Structure formats: C-alpha cells, structure tokens
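# Inside the fold
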Amino acid sequence: MSTSAITPVPFGRRIKRFMADRPLVPLIILLVILVVILQILRPGIVNERWIANTIKFAIPLAILAGCQTMTMLTGGIDLSVGTVATMSAFIMATQIVNQDPAIAFLLAMMPAVLIGLVNGIGVGVFRVHPLIMTLGTSLIGTGCLQVYQRTVIASGAKIPDFLAWLGTGVTPIVGFAFPNALLLFVPLAALIVFTLARTGFGRLLYAVGDNERATRLSGVQYWQVITALYVTSSVLAGITGLLYIGLIKAPSLSLAEPLVLPSVAAAVIGGTSIFGGRGGYTGTIIGALILTVLTTLLTILQMPEGARRILFGLIVLFVTAAYLRIVEER
Amino acid sequence: MTTSAQQQSPLLDATGVAKNYGAVAALRNASLSVLPGEVHALMGANGAGKSTLVKILTGAIQANAGRILIRGEARDIRSPAAGRRAGLLPVYQEPSLIPDLDVLSNLRLTGTPVEPFRAWVRELGIADLDLRDTARDIPLAVLRVLDLARALAVEPDVLLLDEMTAALPANLAEKVLEVVRRQGDAGRAVIFISHRFVEISALCDRATVLRDGETVGVVDIVPGVEEKIVELMLGTRIVKTHVAARSAAEKAVSAPARPRIAVKDLRVGTKLNDVSFDLRDGEVAGVVALEGQGQDELFAALAGSIRPSGGTIEVDGNQAKFAHPIDAIRAGIAYVPGDRSEALAMQRSVRENIALPFSAALRNWGPINMRKERDTVLGAIKRLQIDTRAQGEVQRLSGGNQQKVTIARWIAADARTILCFDPTRGIDVGTKQEIYKLLRELAGHGKSVLFYTSELEEVQRVCDRVIVIFGGRLVDIFPVEEADEPALMRAAYGLPRGAKADVGILAAPNASEPGATP
Amino acid sequence: MSHFLRRQGWVVGLFALLIVLFIATRIIQPGYGSGDFGSLARAVLPYAFAVAAQTVVVIAGGIDLSVAAMMALTSVTAASMMAGASEEYALFVVPFVLAMGFVLGALNGLLIVVTRVPDIVVTLAMLFVLQGAALLVLDAPGGGAAEWLKALISGTVPIPGLPDAVDAWLPKALLVLIVCLCVIWIPLRRSRLGLSIYAIGSSELAAFRSGVPVKRTRIIAYALSGLFAAFGGLALTMSTGIGAPIPGPYLLASVAAVVLGGVALGGGKGGLLGPIVAVFVLRLVRTDLTLLAIDPNVTAIIEGLIMVAVVMFGAFITMRGRQ
Ligand SMILES: Nc1ncnc2c1ncn2[C@@H]1O[C@H](COP(=O)(O)OP(=O)(O)OP(=O)(O)O)[C@@H](O)[C@H]1O
Ligand SMILES: [Mg+2]
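Residues numbered from 1 in each chain as written. Chains lettered and ligands numbered in written order. Predicted model: local features only at pLDDT ≥ 70, side-chain atom pairs only at ≥ 80, totals over all residues. Heavy atoms only, no water.

### Details of the overall build of chain B
Across its full length, chain B holds 19 helices and 20 strands. Burial statistics for chain B: of 518 residues in total, 60% are counted as buried. Within chain B, contacts between residues separated by at least 24 positions form 69% of all contacts whose residues are at least 6 apart in sequence. Accessible surface computed for chain B: about 19500 Å², of which carbon and sulfur atoms make up 49%. (Helix = DSSP H or I, 4+ residues; strand = E, 2+ residues; numbered from the N terminus. Buried < 20%, exposed > 50% of the residue type's maximum accessible area, 1.4 Å probe, protein only. Contact = heavy atoms within 4.5 Å. Areas by Shrake-Rupley, 256 points an atom, 1.4 Å probe, with all protein chains shown as cover.)

### Some thoughts on the overall build of chain C
Counting secondary structure elements, chain C contains 14 helices and 0 strands. Secondary structure elements of chain C occur, N-terminal to C-terminal, as α-α-α-α-α-α-α-α-α-α-α-α-α-α. A compact globule built from 323 residues should have a C-alpha radius of gyration of about 20 Å, and chain C, at 20 Å, falls within 12% of that. Split into buried and exposed, the 323 residues of chain C put 57% on the buried side. Partitioning the contacts of chain C with sequence separation of at least 6, the portion at a separation of at least 24 is 77%. One way to put it: in chain C the 19 positive side-chain charges average out to a point 19 Å from where the 13 negative ones average out. (Rg over C-alpha atoms; globule rule 2.2 N^0.38 Å. Lys, Arg positive; Asp, Glu negative; His and termini not counted. Charge placed at Lys NZ, Arg CZ, Asp CG, Glu CD.)

### With respect to the coordination of the magnesium ion (ligand 2)
Expected angles at a metal are 109.5 degrees for tetrahedral coordination by four donors and either 90 or 180 degrees for octahedral coordination by six donors. All names here are of chain B. Protein coordination at the magnesium ion (ligand 2): the donors are Ser-51 (OG) and Gln-93 (OE1), at 1.9 to 2.1 Å from the metal. On the criterion of sequence distance, the pair formed by Ser-51 in helix H1 (residues 50–57) and Gln-93 in the loop between strand E6 (88–91) and helix H3 (103–110) is long-range, its members being 42 residues apart. According to the relative accessible area criterion, Ser-51 is buried, its value standing at 17%. Gln-93 gets classed as buried once you look at its relative accessible area, which sits at 11%. (Donors = N, O, S within 2.8 Å, 3.2 Å for Na, K, Ca; no water.)

### Quick notes on the interface of chain C and chain B
Tallying the contact residues gives 22 residues for chain C and 26 residues for chain B. Interface of chain C and chain B: buried area, both sides summed, is about 1900 Å²; carbon and sulfur atoms make up 54% of it. When the buried surface of chain C facing chain B is broken down by residue, Leu195(C), Arg209(C) and Ser210(C) rank first, second and third, together holding 36% of it. Arg209(C) is paired through a salt bridge with Glu94(B); the nearest N and O atoms lie 3.0 Å apart. Our count for the contact surface shared by chain C and chain B stands at 5 residue pairs in polar contact (both at pLDDT 80 or more). Only helix H1 (2–28), helix H9 (192–202) and helix H10 (204–209) of chain C provide two or more residues apiece to the side of chain C that touches chain B. Per-element accounting of the side of chain C that touches chain B gives the leading share, 6 residues, to H9(C). Its residues placed into classes, the side of chain C that touches chain B shows 7 nonpolar, 9 polar and 6 charged. (Buried area = accessible area lost by both parts, 1.4 Å probe. Salt bridge = Lys/Arg side-chain N within 4 Å of Asp/Glu carboxyl O. Polar contact = N/O pair within 3.5 Å; in protein donor to acceptor, adjacent residues only side chain to side chain. Nonpolar A, V, L, I, M, F, W, Y, C, P; charged D, E, K, R; others polar.)

### Section: the environment of Gly44(B)
The topology assignment puts Gly44(B) in the loop between strand E3 (39–43) and H1. When residues no more than four places from it in sequence are discounted, the contact partners of Gly44(B) are Lys50(B), His195(B), Leu210(B), Met233(B) and Asp428(B).

### A look at the pattern of salt bridges
Within the structure shown, the criterion is met by 45 salt bridges over all chains. Close ionic contact of Asp295(C) with Arg150(A) constitutes a salt bridge, the shortest N to O distance being 2.5 Å. Taken together, the residues span two chains, with Asp295(C) in the loop between helix H13 (273–291) and helix H14 (296–322) and Arg150(A) in helix H6 (residues 130–151). Judged by its relative accessible area of 45%, Arg150(A) is partly exposed. Between Arg425(B) and Asp422(B) there is a salt bridge; the shortest N-O distance is 3.3 Å. Given a relative accessible area of 10%, Arg425(B) falls into the buried group. Salt bridges sharing partners connect three or more residues here, namely Arg196(B), Glu199(B), Lys432(B) and Glu455(B).

### Here we look at the environment of Val255(C)
If you trace the backbone, Val255(C) turns up in helix H12 (residues 250–260). Note on Val255(C): relative accessible area 4%, which makes it buried. Each C-alpha atom of the pair Val255(C) and Val51(C) lies 7.2 Å from the other, and the pair is 204 residues apart in sequence. Those residues in contact with Val255(C), other than ones at most four positions away along the chain, are Leu131(A) and Gln54(C).

### Some remarks on the interface of chain C and chain A
Taken residue by residue, the interface counts 40 residues in chain C and 45 residues in chain A. Interface area for chain C against chain A, summed over the two sides, is near 3800 Å², with a carbon-plus-sulfur share of 81%. Viewed at the interface, chain A and chain C are joined by 1 salt bridge. Linking chain C with chain A are 2 residue pairs in polar contact (both at pLDDT 80 or more). When contributions to the side of chain C that touches chain A are tallied by element, the ones reaching two or more residues are helix H4 (89–115), helix H5 (119–137), H10, H12 and H14 of chain C. The element that contributes the greatest number of residues to the side of chain C that touches chain A is H5(C), accounting for 13 residues. Taken together, the residues of the side of chain C that touches chain A break down into 32 nonpolar, 6 polar and 2 charged.

### A few points about the nonpolar core
Membership of the largest hydrophobic core comes to 251 residues, with the highest contact counts inside it found for Leu12(B), Leu53(B), Leu57(B), Ile191(B), Phe49(C) and Phe228(C). The leading source of residues in this core is helix H2 (residues 34–59) of chain C, at 16 residues. What Phe228(C) contacts, discounting residues up to four positions off in sequence, is Phe49(C), Ala52(C), Ala53(C), Val56(C), Leu181(C) and Ile184(C). Ranked by size, the runner-up nonpolar core spans 52 residues in total, among them Val39(B), Leu131(B), Leu172(B) and Ala173(B). (Core = buried A, V, L, I, M, F, W, Y, C linked by side-chain atoms within 4.5 Å.)

### Some points on the packing of aromatic side chains
Summed over the entire model, instances satisfying the criterion amount to 14 aromatic pairs over all chains. Among the aromatic residues, ring-to-ring pairing joins Phe299(B), Tyr335(B), Phe421(B) and Tyr452(B) into one connected group. Over the face of the ring belonging to Tyr21(B) we find Lys19(B), whose NZ or CZ atom lies 5.2 Å from the ring centre. Directly above the aromatic system of Tyr92(B) lies the positively charged group of Arg209(C), at a separation of 4.4 Å from the ring centroid. (Phe/Tyr/Trp six-rings, centres within 6.5 Å; stacked < 30°, edge-to-face > 60°. Lys NZ or Arg CZ within 6 Å of the ring centre and 35° of its normal.)

### Examining a nonpolar patch on the surface
There is a patch of nonpolar side chains on the surface, built from Leu117(A), Ile121(A), Val125(A), Phe126(A) and Trp223(A) and spanning about 410 Å² of accessible area. Examined against the element boundaries, Leu117(A) turns out to sit in helix H5 (residues 101–124). (Patch = residues over 30% accessible without salt bridge, like charges linked within 9 Å, V, L, I, M, F, W, Y side chains within 5 Å.)

### Some thoughts on the domain arrangement of chain B
A common way to state how big an interface is: give the accessible area lost once the parts meet. Residue and element names in this part refer to chain B. With domains assigned, chain B is organised as domain 1 (4–234) and domain 2 (248–332 + 416–511). Just the C-alpha atoms count here: the centres of domain 1 and domain 2 sit 31 Å apart. At the junction of the two partners, domain 1 supplies 26 residues and domain 2 supplies 20 residues. Between domain 1 and domain 2, the buried area comes to about 1900 Å², and carbon and sulfur atoms account for 62% of it. Counting the surface domain 1 buries against domain 2, the share from its top three residues, Asn-171, Glu-174 and Arg-196, is 26%. (Domains from an automatic or database assignment.)

### Some thoughts on the site of ligand 1
Residue and element names in this part refer to chain B. Lining the immediate environment of ligand 1, one finds 22 residues, of which Lys-50, Ser-51, Thr-52, Arg-396 and Gly-400 sit closest. A distance of 2.9 Å separates an oxygen atom of ligand 1 from a polar atom in the backbone of Gly-49. The protein chains hide 95% of the 650 Å² of surface that ligand 1 would expose on its own. Going through the elements one at a time, H1 and helix H14 (399–413) are the ones with two or more residues in the shell around ligand 1. For the shell around ligand 1, the leading source of residues is H1, giving 3 residues. Per-class residue counts for the shell around ligand 1 are 6 nonpolar, 11 polar and 5 charged. (Near = heavy atom within 4 Å.)

### What to know about the pairing of strand E8 (residues 189–193) of chain B
All names here are of chain B. Within E8, 5 of the 5 residues are buried, leaving the element largely enclosed by the surrounding structure. Burial of the side chains of E8 extends over both faces: Ala-189, Ile-191 and Ile-193 are buried on one face and Val-190 and Phe-192 on the other. In this structure, E3 lies alongside E8, joined through 4 bridges in parallel fashion. Bridge pairing links Ala-41 to Phe-192 in E8. You can see the chain leave strand E7 (residues 158–162), run along helix H6 (residues 170–185) and come back into E8, and the turn it takes is right-handed. (Pairing = 2+ DSSP bridges. Right-handed = clockwise from strand over helix to strand, strands pointing away.)

### Focus: the pairing of strand E13 (residues 284–288) of chain B
Here is the key point about a regular strand: its side chains alternate between the two faces of the sheet. Residues and elements named next belong to chain B. Burial within E13 is extensive, with 5 of its 5 residues counted as buried. Taking every second residue as pointing to the same face, both faces of E13 are buried, with Val-284, Gly-286 and Val-288 on one and Ala-285 and Val-287 on the other. In the sheet, E13 pairs with strand E18 (residues 448–452) via 4 bridges, with the strands oriented parallel. Each residue of the ladder has a partner; that of Gly-286, found in E18, is Phe-451. Pairing of E13 with strand E19 (residues 465–470) involves 4 bridges; the strand directions are parallel. Bridging across to E19, Val-288 finds its partner in Val-468.

In structure tokens form, the structure reads like this:
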C-alpha cells in the first residue's frame, strides 16, 4: 500500500534497485556481517568445523521453516510441526529396538501423515482457523505421545546408526567436511523451491493465500489444496524429526518444541508474509542460517543469560528492519 | 486556456504534479484548475493517472513534485484528514468505508453528521438503508453511493468523484448525476472522473485531459467535442464502430439445433423467480436490469458459485448441477465478476492471475510449461491491451487495467461460454471498443456470451438479444433491433414495451445526443 | 434484535457452553461450591488479562507474541520492588508497574510503526528482550507482595443486604477482573479511539482514507495491550506472592482464547467479552477433567479435542447461517 511518502534517493539508488530485485542478496550480506562479527569477537572460531556444525543445526530449523513458509503462503501457520517431529523421532527411537528399520520408519511417519490429514481437513473443509487447528492437534499429539511413552518405557530407546550418520556425520569432499545432512536437505530444498515457483500446486498456494474467492471462481477447490498442503507440511516435519534425533541423540517428549517459534521467525525474516500470498523458500533458508549463527554468537559471549536474550531479540529486530529498508523500494 | 474562466479565480489549482512508483511514473506533469460552481471532468485512458491525481489532491499519497493552491493559497495536504479540513472530499475508485464497521460507526469515524447523510442517501435513491448494517454486507453499488452521501453530508467545497458511476446501475447513476449537477449549481466545484461520454456531456462544463501522466489539454464541453477529447486522450483518432448487427451470413451459420445453455424456471431464494431463457452458440445475449433485480444471483447460479433453490440449467441438452465453480468451468462456462477484487489475487503478477485457471484441477498441479504459458498469457494481454508497466503485482495496475486482467484470464483459457458481469466497468473508450470487438469475435467463433451491463448504450453495440429482468423475474426478451436506449430504459424500469414515459435525464434526447449517436 | 444476535451470537453460544459446563461440574462433583468457584476465578485472572492484552492488538489487526514475557517482567518487577518493603510502598509500585507495561507496550507499537517490520517479528524480538530483562531483575522465582494486594483477590465481596449464599458466589478476584476491564474497555469501545482501533484492523487503507491516524492508533493499541499485560503480571504476583522470571503458558492460551472468543485473527471483528468467556470455558474444562480424576496425560488430548471441536462447531453454524 502506497500510503507513505517517497523521497527519491539519487545516491545509491541503482544498488538499491538491484537489491530490491534480488532480495536474497541483502539477506546474505546480513548473514555474512553476522559471521564477521563473530570472527572479530572470537578470532579463529569461524573454521571448517564451525561451519559444518552451524549447517547441521540450521538444517532441521530450515526444513520446519519450510513448513511454515508453505502454510504461511496460504495465510495459515502450522504449529503442530514441533509435536509431529517429536513424535516421529520418539517413535523411531523406541520402535527400532525390536522392529525392522523399514517398519519402524513407517510407524514413525504414520502420526505425521495422520496429523497432517486432520489439520488439512479441519482447515480446508471445516474452516477452522489454522492456528487453532494445529495448536489443537499438537496438544492431542503430545497427549498421545505421553500415553505411548508409558507403554514403551520398559523396552528403552536407541538411535539408529543411519540417522546418527545423517544427523551428525560429515563426509570430506575435496578437503572440506560436508555434513551428511546436506544429502537430504539439498534435494528437499530444491524440490520445495521448484514446487513453489514452477508447479501448479505452488501457484495455487500463493493464489489461495492472496484471495481465496478469486481462486474459487477460477475453479480451485480449496479443500484439496489445503489438505495436500498440511499433509506435505506434516510429512516434512516428520522427516525433520528423524534427522533431528540423529543430531541431538536424546529422545525426549519436547525434542523439537523449541524449534517452533524460531521456524516461524525464520520464515518471516526471510520475507514471507504471515497474511499469505507473498514470500519464498530461499529467503527462509537464509533466515534459518541467520538465526542459527545468532544463537552461536550469543552462546560465546560471556554475559548473563538475561542480557544474552535481550541481545538476541534486538539483533533479530535489527536484522529484519535492515533487510526491509534495503528491499523496500517505496 | 479557456475564455469563460478568466473572471473567476480558481478554487483549486494544481500545477506540475508528478509522482513516481519506483521505475513507474504514474504522473509526470499534471495540472488541473477548477473554478467555483463548475463540474470539471478529468479524463484519460486507463492508467493515465487520474486516480493518482485525486489521491494526491486529497492527501492520500504525497506527490514527488508539484504545487497545489486552494483558493489561491499554497497548501500542503499531508493526509486525508487534512484534505477534509481543506474542504476537499473524495470518493475514491475503491470503496473506503471500513468493511467491518456498521454504517453509523463509519460516519462517527469521519465525523460526518448523520441527518444530512440520511437525507442524501434518500436523495440518491436508496430508500431502505439500515444504518446498523455492516459495510461488508452492503452491495458494491450501494457502498459507492454511501461513500458519496458521506462526502456530500459535510458540504465540501470541492468534491472529487473517481469513477463514481462505474459500478452503478442506470437508476442510481441517474440520481448521482442529478445530485452532482445541483452541487455545481450551488456554487461548489466537482471534479468528475468517468469513462462515459454521455455523462460527461450531460454534466460537465470543462474537461482536463490526461495522457501518460501529463495534462494534454483543457476543453470546454460543447456538443461534438467528444472526438477532440478522445484524440487528446489517446493521441490518435479511433474509429467507433457499430459492431452489433450480425451479418445475414453469420446468422445463417448459427442456427443451432439445441441451445448451449437452457435455463428453466430458475429460482434463487427470494431474489430470482422462475427465470427461463436460452443462450445459443454464437450469440451475445445482453441482460438489462436496474440495481439488485436478481441479475447477480442469476450470474452466480450459472457460474456455480451459489446453488439455485429451484429450476434447472441445461448445458448442451444435458441437465447440469453445479456444486462448485469448477463444475461450471468444466462445462465450459466462465464467469467474470463485476467486482474485480473478487476475481484477482492482488499481490500476484498479471501473468499468474491470467494463468490461474490452468492449475486449478488436481491433474494440473505438476510442473508448468513456462514457455507455453507465457505465450498464451502474452496473447491475452495483447488482445486486451493491458498496460503492463507495473505487472509484478496486479494491485499496482490502474483500476481499468485490473478489470482487463479479469477478462483476459478467460480469453486465455478459451472458455466456450463467458458470463460477463459489467466487464467494461471503468474501462476507457479505446479499450471498450476492443472489448466490444472481442465479444463479437468470440460469438463469431461460435462461443456464447451472457453480458450484463450497466451502460445501456452498450447493449446496442454488442448484443444480439436483450433479456430484461425486473424484480427477480424475467419480464421481456427482444431482439436488439428494437432496443434503442429509451426502450431499454423503460424496459429496465419494468414498463411494458411501447409505453411512452420519460425516465431520467439521460433518456432526454438532447442530453444523449453527443455521446450516444455513433 | 436480529442485529444483536448476528453480532453477539457467538458470545451467547459461549455463555451457554459455560453454563452447560457449570452444570456438568455440579454433576461430576455435587460438592462443587462457592469456594471452588473462587479459586477458579483466581486462576482465571492472569489468563483473562493476557487475553485482554491479546484481544486489543488482534482487533487492531496485529498480534502480540510478547504478552507472556511482558507479564513475567512486570510480575518480577513488582515482586522485587515489594520484597521487604512497607505495605504503603505497594501503593506506589502498582501504578509504576502499570505505567511500565503501558510504556513497553507503546514501544512495541512504536517499533512496528517506525521499522515497518511485521508485528509478529517485532513482538517476537520483544519476547526475548522482555524475557531477558525479567531474568536480569530476578534470576529465580522470588520477591514478595504486599498483604493488602494479596487480600485483594482472595475471599469474597461482602455486599450488605445480599444473602450470604449469593454473596459467596462473588469472589473478589472476579470483581477485580470486571472492574479493571470495564474501566478501560467500555469507555474505549465507545470512543473514537476504539472505533479507530477496529478500523485499522478491518482495513488499514480504508481507515487511512477515512482520516484515521493509523500509526498513532496502532501504537496506542499496543500500549493498551502492554497495560493489560501489566495487570496480568500484577495478578500473578498477587496470587502467588512472588514473581517468576520464566513466562507461563499465557501466550498460546491467549491466542487460543481470542480465536475461541470470536475475534478474527486479521482484525476488525469481535469484542472483549467473548475471549474472556472463552478463558473461563477453557479453565473450567481443565477443572472438570481434574475432578474426573482423568490421567493428566489424557487431559491434554481432551483439551485439544474440545478446542478444535468448539471452533469447528462454530464454523459449521456460521456456514449454515449463511445458506
Ligand atoms: N502503488 C503503485 N505502484 C506502482 N505503480 C502504480 C501504483 N499505483 C498506480 N500505479 C501506476 O500508475 C499509473 C496510473 O494509475 P492510475 O490509477 O492513476 O490510473 P487511472 O488514470 O486512474 O486509470 P483507470 O481509468 O484505469 O482507473 C498506472 O500505470 C499504474 O500502474
Ligand atoms: Mg483510476
């Protein structure tokens, strides 16, 4: 909305235009600035090991933020991703003890599909607000998990080797240690980006979030789009759970819960509007990286916990504001 | 400039106004000077910058350059509230009542006195307004009138009407014109934007013409000036063709065995009763009705977006039950709604909006053939002459260009039957001709079109038959040869054909002369 | 009448649900009496203020993720100021803390308006800032509260002339809630400022064009939210006697109650009454589940189910009504 005045800035206008056309560039610059600050504060910390570690921790966040990006494009949000990820991780770790890995995997993904389906039907058919719907299923899921926990308490849990390899392992390629998680993430991210930009489904996500009535008049059946979306989102969350358990290696009932709010934040920082119709996944990935770097930046600072949180909040705000300043041309 | 203007000093005088949106120059060098007591037309093609100028004058946006004098004093109007204080009251192209507040609260919000408002509403031809109705539930046409009444109620010095009549049916438009005329007589000034020459010639004293953001001329409205204005607006001459009459050969080809769509005893709640008619391949059938006579429901039912409560719709001889617009679309029936905000994803690009129906069905959710899509979309854009300077987001297009996108979508989708609900709303003369031609061409290719218009003049231009709806009932169907404007007007008021009664200032022969005769 | 029903239908329905729940409670536990109701009211108090805080900004078209953190900060501030201080000192502490909430809320709004960063990010950042500040004030639960403050929300209001049996059902906590909310909300609702808040939530562009000072209104909406959150923080200190720096579960609860209460996320619609009734409904459901001696693990499942079911039912009714 063009309600505010514009004052043309002749100097640097061209650079601004360039960045406005490529909103990723300023986001990456902000990321680099954060890394540089880190390097200045702790010379030598930014090394190969640190980079690999940051990527490892950023990936689960980035995938969950992908769920948020897609749901936010339609004007929704998926707060059940934390619970779904936790559930599939927990079920995997407990079922692998005396089940075939393939079966354990299927069992682990089952609640994800189920919750996604319920979310989708609730939002798409019964028109429940996505926030309430996913919050509700997330409560239900947590409750079920607690009940389930008591049935498997005797058999114990273990982390499958493959997941540990995927979650924490690195593979040296041409002298650089690549985290194995990239094997999962790169194709996944490419798929999401492609889906959003170049497929009919992606188009519909944007359109539905922008003006649902218009899509209806064009023949789009809302419930189909929404159901497919929430199932996809849940399945992605389930996969994230498996990856995350390989990284954290300690199954608990609140494993992925701390990732939920940051996943929303990563998507918003990356330029996706929570009101729908606007945004994309590449920005979200950088958003997730920024948040992860920020967390490490703050852990190395020797300050009381309180001051650290204050700083975290201020930096998130500052980064987003700076980004908007650069990208906004009006 | 003009000779008659010299004695008086202008009420409002703007010069050298410019406004840029990034790389798009919406206004470059616009000027406008309005005298007390005059109704001043602001004219220009779609995207010329008329709305932008109105927004600047009333403080809704800030100009990059320019000088605005009110009663000879330089004023810097920085917000709509300031504009209001300076005596400038706008009715913008989009309704500006708060959708979730009732009318009364909307009045309180702007500090509008209620009694004068009520009086104006009545005057403007809306008898049964409940002030407790939420704005969202009020039909677009009424909303526009309320917007006007709200502006009139504070007795503004300058009233700025941006396509006030575009969404109005004939009866309400009439009232608006009467009221505006009287404003001018009372010594106030009105800036009047419209694409309808009939209205301009019936109402205005002078016209300022904008082209590509620049004022290219100020003319006195005298009979026969239309040509000149059009030339100024478009930079070229256009030939106004009478496209309607089908050639005998055409008629011979299309003698279909069974109608494309047969509507029998259609009922929708209490709004539409026992409506039956046929729509044949290769014809454009015009629907003529005043505001709210059931035409909205008729179109919505045919488009599958509401379910009829009785009667049948047959498509190609097979009975159809539409539960969702997709069913109608599958049957080849496409619907262009009158309210463009109902049809467009405003934050998405022109291309995505036009290509939207392509991805609707489940089987088309996969990868898109970008090249093919681009060609189809470009074809439709060209066909409708959409100004694509700001095509990244549809909301940045001018109102008329947005309207064109809604039509282009179904041209690109190649629908067999198009239901057009007032498609030329807010479209400039040049493009209107194109749309008429387009509709005729569609019919020529064997497609069928159902066409509701609030501009009666258009019926003669494009339709083969006229369907008249009054009070939710179909009262008459007659061939276009019998449909001159007075006849249509009488029919729309539910008067039988042949009856002689004068209705409205537009029906008066002297008023309609300059614009209506092709 | 039809206008009233159309607009307030949802709230009326919620009230009916609340009454059904009360009846159910009496059936489950025939001994459920005024004392239990008093503790319900006390438990609801902080939730209700959190919901009020959320409601104001949601009506204005925003969202406030920092509500719970704001409550934590105001609560620890109050508790640490009052620890060991005289009773009279609390007379100064209360307005001070309320003003702090108001100012911090206004800061939220100011940041949104000035930086033009989406409200969800600004308030998320503020969530961390306020949490951090709360930890700096008190790094572990502690502090104290003046006795008269604690007494303010315990027990009942003796109203002369009213039989004790009726009187017993008027807990002070409920009265405090009603008074605090009414004193702020009712004048607001009737003022032009209130209309402006609804207006910017409904359509920012239309509001601007109607001459509403959009930025100022937004800042005030957030300031009011901060004020209500400060009330919530005080209520926490009053009911526990201490302050805890870690925010409680008030954020999600407030958003859930706002939606349950018929306020549209996105703005412009609804009122304060609905969300407050919704809070009572949610709390009472929890009480009932506890009374039924249901496994606390299953409680979460049932709560989730009820939340979804109520909203689904509401959506269903609305759809029916439209046809
Ligand atoms: N917010 C915006 N961002 C970018 N371009 C804009 C914006 N608003 C308007 N424009 C552009 O400015 C030009 C003038 O628009 P304006 O709405 O003033 O046209 P108009 O003369 O009112 O046309 P119409 O008759 O179709 O309503 C158009 O080309 C439009 O695309
Ligand atoms: Mg315009």
